[in-house]
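Spelled out, the chains give:
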Amino acid sequence: MTFTFRPVDPAQDAELLHGWVTHPKAAFWMMQDAAREDVERAYREIAADEHHHAELGLLDGEPAFLMERYDPAHRELVGLYEPLPGDVGMHFLTPPTDRPVHGFTRSVITAVMARLFEDPATTRVVVEPDVANKAVHALNEAVGFVPEREIQKPEKRALLSFCTREQFLAATGVAA
């Protein structure tokens, strides 16, 4: 599968994203009760934030998943670990589907990681999924993430994990 990326357009994409982030499958996204306007507002804030960016992953030109990148020295993990130069934080979300495709989510996280490592300044990707999200822990491990420790964020208990460019290559064979 070959994906392309484009920035989220908060006004244009709010309806689509609302359906994705409020679906029961997206419980760990913590927007279950959000109105469409709340989703648009959240992505307007991200679009205006120099330390946080949201992109849609496209498959054959159609939105297929959401990814966010952030600077952990300024967002999400401030005060919870000591960021290194080249650290980039990441979130991703695959939407609900009635026709699951075997290996799709693994292809998505692989594409997301390759996208992040396209930037030569990125040396390590950091994630902080909910400790209860066992499915994403397995996906993270499959692309080279190594858990460091549990941390307490305001909204959740999270598993702080890291993946270097070398670990990604070793786990996936994808040169980044």
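Coordinates for the structure precede this section.
Please read all numbers here as calculations on a predicted model, not as lab measurements.

Participant: Mind laying out the side chain of Glu 68, listing which residues take part and the relevant values?
Facilitator: Tracing the sequence through the fold places Glu 68 in strand β3 (residues 62–70). Lys 153 is the oppositely charged side chain nearest to the buried, salt-bridge-free Glu 68, at an N-O distance of 9.5 Å. For Glu 68, the contacting residues outside a window of four places in its chain are Trp 29, Tyr 43, Ile 46, His 52, His 53, Ala 54, Gly 89, Met 90 and His 91.

Participant: An account of helix α3 (residues 104–117) is requested, with residue identities and associated values reported.
Facilitator: Look at α3: 20 Å from first C-alpha to last across 14 residues, which is about the 20 Å you get at 1.5 Å a residue. All of the buried residues along α3 are Phe 104, Val 108, Ile 109, Thr 110, Ala 111, Val 112, Met 113, Leu 116 and Phe 117.

Participant: Help me get a handle on the environment of Asp 130, residues and values and all.
Facilitator: Looking at the element boundaries, Asp 130 is found in the loop between β5 (124–127) and α4 (134–142). A C-alpha to C-alpha distance of 9.4 Å links Asp 130 and Glu 155, two positions 25 residues apart in sequence. In contact with Asp 130, not counting residues within four places along its chain, are Phe 28, His 137, Lys 156, Arg 157 and Ala 158. In terms of polar contacts, Asp 130 uses its side chain to reach the backbone amide nitrogen of Ala 132, at 2.8 Å.

What counts, and at which threshold
Residues numbered from 1 in each chain as written. Predicted model: local features only at pLDDT ≥ 70, side-chain atom pairs only at ≥ 80, totals over all residues. Heavy atoms only, no water. Helix = DSSP H or I, 4+ residues; strand = E, 2+ residues; numbered from the N terminus. Buried < 20%, exposed > 50% of the residue type's maximum accessible area, 1.4 Å probe, protein only. Lys, Arg positive; Asp, Glu negative; His and termini not counted. Salt bridge = Lys/Arg side-chain N within 4 Å of Asp/Glu carboxyl O. Contact = heavy atoms within 4.5 Å. Expected span 1.5 Å × (residues − 1). Polar contact = N/O pair within 3.5 Å; in protein donor to acceptor, adjacent residues only side chain to side chain.

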